[in-house]
Amino acid sequence: MANPNIVNVTSIYGESIAQAMTTTLTTVIMTVSADVILKVNSISATNTHASNATDFTLTVTKAGFTSAGVASGDDNAGTFSIASTINIPSDDVLVVIDKPFYLMEGDVLKGGADPATCDLFISYEVINDA
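Everything quoted here is computed from the prediction, not taken from an experiment.

(A) Spatial organisation of the overall build of the protein chain. Within the protein chain, the secondary structure is distributed over 0 helices and 9 strands. Along the protein chain, helices (α) and strands (β) appear in the sequence β-β-β-β-β-β-β-β-β when read from the amino end. Across its three principal directions, the C-alpha atoms of the protein chain cover 50 × 30 × 20 Å. Scored against the burial criterion, the 130 residues of the protein chain give a buried share of 34%. When contacts within the protein chain are restricted to residue pairs at least 6 apart in sequence, long-range pairs at least 24 apart make up 86% of them. Accessible surface, the protein chain as shown: approximately 6,700 Å² in total, 52% of it carbon and sulfur. The protein chain carries 4 positive and 14 negative side-chain charges, and their two centres are separated by 5 Å.

Listed below in C-alpha cells is the structure:
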C-alpha cells in the first residue's frame, strides 16, 4: 500500500456517513479506496433504544505499509480496537473520536453493537492525490 502524498492533492471532499449497527461486530463500515487518505474528524455512536443499553465495538484493519516517518521493519498491519464493547446507556450518545486521525488506502473500518440499537455517524474528508 502506498502512502498518498497529501501535498499534491487533486481534491478534498468533506463527507459524512451514517449507519445502523448490526450485532455482527465485524461489519464493514468503510474501506478506503486507492490513492486516497481519509481524515476522520469525528465518530459518534447513539443508542436509540429507550430503555436498554448496548455494547459498541469499533475496529480498524490496517492494510499495512512502510511509513516515511517510522523505522523500516515496523509494520502496522493487523486489526486494532478503537472502541471495545463500550456500554452505551439507553438514549445516550458516545463520542468515540473528537480529534482527527487518518485512515490510509486499503484500511477497513468495522464495527457493531449488541443489541443492534446503535447508530453510527462519521464525519471525514477524502483527500485524493490521483
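(B) Structural detail: unusual backbone geometry. Look at the link from Asp114 to Pro115: it is a cis peptide, with omega at 0°. Turning to its location among the elements, Pro115 is positioned in the loop between strand S8 (108-114) and strand S9 (118-128). A positive phi angle, near 65°, is found at Asp35, a position not held by glycine. For Asp35, the location among the structural elements is in the loop between strand S2 (27-31) and strand S3 (36-47). Unlike most non-glycine residues, Thr85 shows phi in positive territory, near 40°.

(C) Molecular detail of the sheet that holds S2. Ordered by their spatial adjacency, 4 strands build an open sheet running S2-S8-S4-S5, and the pairing between neighbours is antiparallel. Every other strand in the sheet has two partners, leaving S2 and strand S5 (78-88) as the edge strands with one partner each. Going from strand to strand, the sheet's axes swing by 20° on average, the running direction of each strand aside. Examined bridge by bridge, strand S4 (residues 54-62) and S5 share 8 bridges and lie antiparallel to one another. Bridging across to S5, Thr61 finds its partner in Thr79.

(D) Highlighting the pattern of salt bridges. Taken as a whole and assessed by the stated rule, the structure comprises 1 salt bridge. The closest approach of N and O atoms between Asp107 and Lys62, which form a salt bridge, is 2.7 Å. Here Asp107, found in the loop between strand S7 (101-103) and S8, pairs with Lys62, found in strand S4; they are 45 residues apart in sequence, far enough to count as distant. Look at Asp107 and you get buried, because its relative accessible area is 1%.

Definitions and cut-offs
Residues numbered from 1 in each chain as written. Predicted model: local features only at pLDDT ≥ 70, side-chain atom pairs only at ≥ 80, totals over all residues. Heavy atoms only, no water. Helix = DSSP H or I, 4+ residues; strand = E, 2+ residues; numbered from the N terminus. Buried < 20%, exposed > 50% of the residue type's maximum accessible area, 1.4 Å probe, protein only. Contact = heavy atoms within 4.5 Å. Areas by Shrake-Rupley, 256 points an atom, 1.4 Å probe, with all protein chains shown as cover. Lys, Arg positive; Asp, Glu negative; His and termini not counted. Charge placed at Lys NZ, Arg CZ, Asp CG, Glu CD. Pairing = 2+ DSSP bridges. Axes fitted to C-alpha atoms, helices over the stretch in contact; angles between N-to-C directions. Salt bridge = Lys/Arg side-chain N within 4 Å of Asp/Glu carboxyl O.

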